[in-house]
Structures are given as structure tokens and as C-alpha cells.
Amino acid sequence: MTDLDGYWRIRTVNEAQVQGYTSLRLTCTCGRLTDYPFTLLLQRRGVTRYTFLGNIRFRCKQCGGKNITIGVRSHADAPGRLTR
């Protein structure tokens, strides 16, 4: 587990949203990357704004692995985003 991964595992969905982030960046050991928007995350059963990110269970669709690294992303750093 990296320091950044450990930092986000003890933060809530609300804390990430307040800091301006819009989605989780999930990285599997097989190399698959998935951006999971908070709006979809909050629709999952048992997930609220006050749920710790590290308590949400994720599984890789490619390899079935459970060892997922957690990070966050914002629209500001999305590729192809138009700036004014």
C-alpha cells in the first residue's frame, strides 16, 4: 500500500468531494485503471457521504483481484477537458 493509497483509505466520500474531487481512481495490480464517479458510488447500497473510502469493497472486472489501490481525480485534470 502506498502512502497516497493509505491516505485516501481513511478519508470519507464527503471529505474528497469537499476538496473538489469528482471520482475515485481505482488501480488493480493487473494494470487496469477505473475512474468511479462519486455520483455512482453514492448509489451503491450501504455507501453514504460519510463512508470511509477504505471500507468500500471493490473487485477488478478484468482479473477478479481484490487488491485495489485507491486515489482520487477531479474534472480539472480530466483529459480533453476544455478550459475557458
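What comes next is a walk through the structure. (Residues numbered from 1 in each chain as written. Predicted model: local features only at pLDDT ≥ 70, side-chain atom pairs only at ≥ 80, totals over all residues. Heavy atoms only, no water.)

1. Quick look at the sheet that holds strand β2 (residues 33-37)
Counted only if it meets this: Note on pairing: DSSP must find at least two bridges between two strands before they are called paired. The helix count covers DSSP runs of H or I at least four residues long, the strand count covers runs of E at least two residues long, and both are numbered beginning at the N terminus. What counts as an axis is a line fitted to C-alpha atoms, over the stretch in contact for a helix, and the angles between N-to-C directions run from 0 to 180 degrees.
The sheet built from 3 strands is open, its strands ordered β2-β1-β3 with antiparallel pairing. At either margin of the open sheet sits one strand with a lone partner, and together these are β2 and β3 (68-73). Geometrically, the sheet is characterised by an average inter-axis angle of 25° between neighbouring strands, direction not taken into account. As paired strands, strand β1 (residues 23-28) and β2 are joined by 5 bridges and run antiparallel to one another. Across the sheet, R25 pairs through a bridge with D35, a residue of β2.

2. Concerning the nonpolar core
Short version of the rule: As used here, the term nonpolar core means buried Ala, Val, Leu, Ile, Met, Phe, Trp, Tyr and Cys residues forming a set that is joined through side-chain atoms within 4.5 Å. Three labels apply to residues, based on accessible area from a 1.4 Å probe with only protein chains included: buried if under 20% of the type maximum, exposed if over 50%, partly exposed otherwise in between. By definition in these notes, contact holds between two residues if any of their heavy atoms fall within 4.5 Å.
If you look at the biggest cluster of nonpolar residues, it comprises 17 residues, and the most contacted ones within it are L24, L26, F38, L41, L53, I56 and F58. Setting aside chain neighbours within four positions, we find I56 in contact with V13, L41, R44, V47 and T51.

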